[in-house]
Amino acid sequence: EVSARVLAGVSLEWARSIAAQMAVAPQKEQDVLCAKQCLFAGYAVLCHSYLPLQTEDGKLLASAIVTFKNGLVLGSPTIAKDLQRIDRMCMNVMASRVLDL
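The shown structure was predicted, so the numbers you read here are calculated from the model rather than taken from an experiment.

Engineer: I keep staring at the environment of Ala-41 and nothing clicks. Help me out?
Structural biologist: Take Ala-41: it is sitting in helix H2 (residues 27–47). You can call Ala-41 buried: its relative accessible area is 0%. Sequence-wise, Ala-41 and Lys-69 are 28 residues apart; in three dimensions their C-alpha atoms are separated by 8.9 Å. Not counting the four nearest positions on each side in its chain, Ala-41 is found in contact with Ala-15, Ala-64, Thr-67 and Phe-68.

Engineer: Quick question: what am I supposed to make of the packing of H2 against helix H3 (residues 55–74) here?
Structural biologist: To characterise two packed helices, one gives the angle between the axes of the helices and the distance between these axes. Contact pair H2 / H3: the axes reach a minimum separation of 8 Å and the direction vectors enclose 145°. The handedness of the crossing between H2 and H3 comes out as left-handed. Between H2, through Cys-34, Gln-37, Cys-38, Ala-41, Gly-42, Ala-44 and Val-45, and H3, the contact on the second element is made entirely by Leu-61, Ala-64, Ile-65, Thr-67, Phe-68, Gly-71 and Leu-72. Taken together, the residues of the contact of H2 with H3 sort by class into 10 nonpolar, 4 polar and no charged.

Engineer: Is there a simple way to explain the packing of aromatic side chains in this structure?
Structural biologist: Note on aromatic pairs: each is described by the distance of the centres and the angle between the planes. Under the criterion given, the structure shown has 2 aromatic pairs. Put simply, the rings of Trp-14, Phe-40 and Tyr-43 pair up and form one aromatic cluster.

Engineer: Please clarify how the environment of Phe-68 should be interpreted in this entry.
Structural biologist: Mapping Phe-68 onto the fold places it in helix H3. By relative accessible area, which is 1% here, Phe-68 ends up buried. Residues Phe-68 and Leu-39 lie 29 residues apart in sequence; the distance between their C-alpha atoms is 7.2 Å.

What counts and what doesn't
Residues numbered from 1 in each chain as written. Predicted model: local features only at pLDDT ≥ 70, side-chain atom pairs only at ≥ 80, totals over all residues. Heavy atoms only, no water. Helix = DSSP H or I, 4+ residues; strand = E, 2+ residues; numbered from the N terminus. Buried < 20%, exposed > 50% of the residue type's maximum accessible area, 1.4 Å probe, protein only. Contact = heavy atoms within 4.5 Å. Axes fitted to C-alpha atoms, helices over the stretch in contact; angles between N-to-C directions. Left-handed = near helix turned anticlockwise from the far one by under 90°. Nonpolar A, V, L, I, M, F, W, Y, C, P; charged D, E, K, R; others polar. Phe/Tyr/Trp six-rings, centres within 6.5 Å; stacked < 30°, edge-to-face > 60°.

Written as structure tokens, this is what we have:
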């Protein structure tokens, strides 16, 4: 439990740090950074499939979901295609956890 919770937090922090990089990166690097950010946020979502949710977990999960979905919507079509499998797995986590939130 603890390691999954820590991994979820670290993954979301990595996603947030990439957002800071995106703010100053040249346009040609934006797609790669967006894909990385989306991937790390997806990992944070997936970590929650194994945790009994606590209040802080719900906040982190919601933030990870928003970051992940924003990356799919706002990124290039290639990102959404490349991350389809993780998207499906994240959707399963969201569906199984909706009543726990």
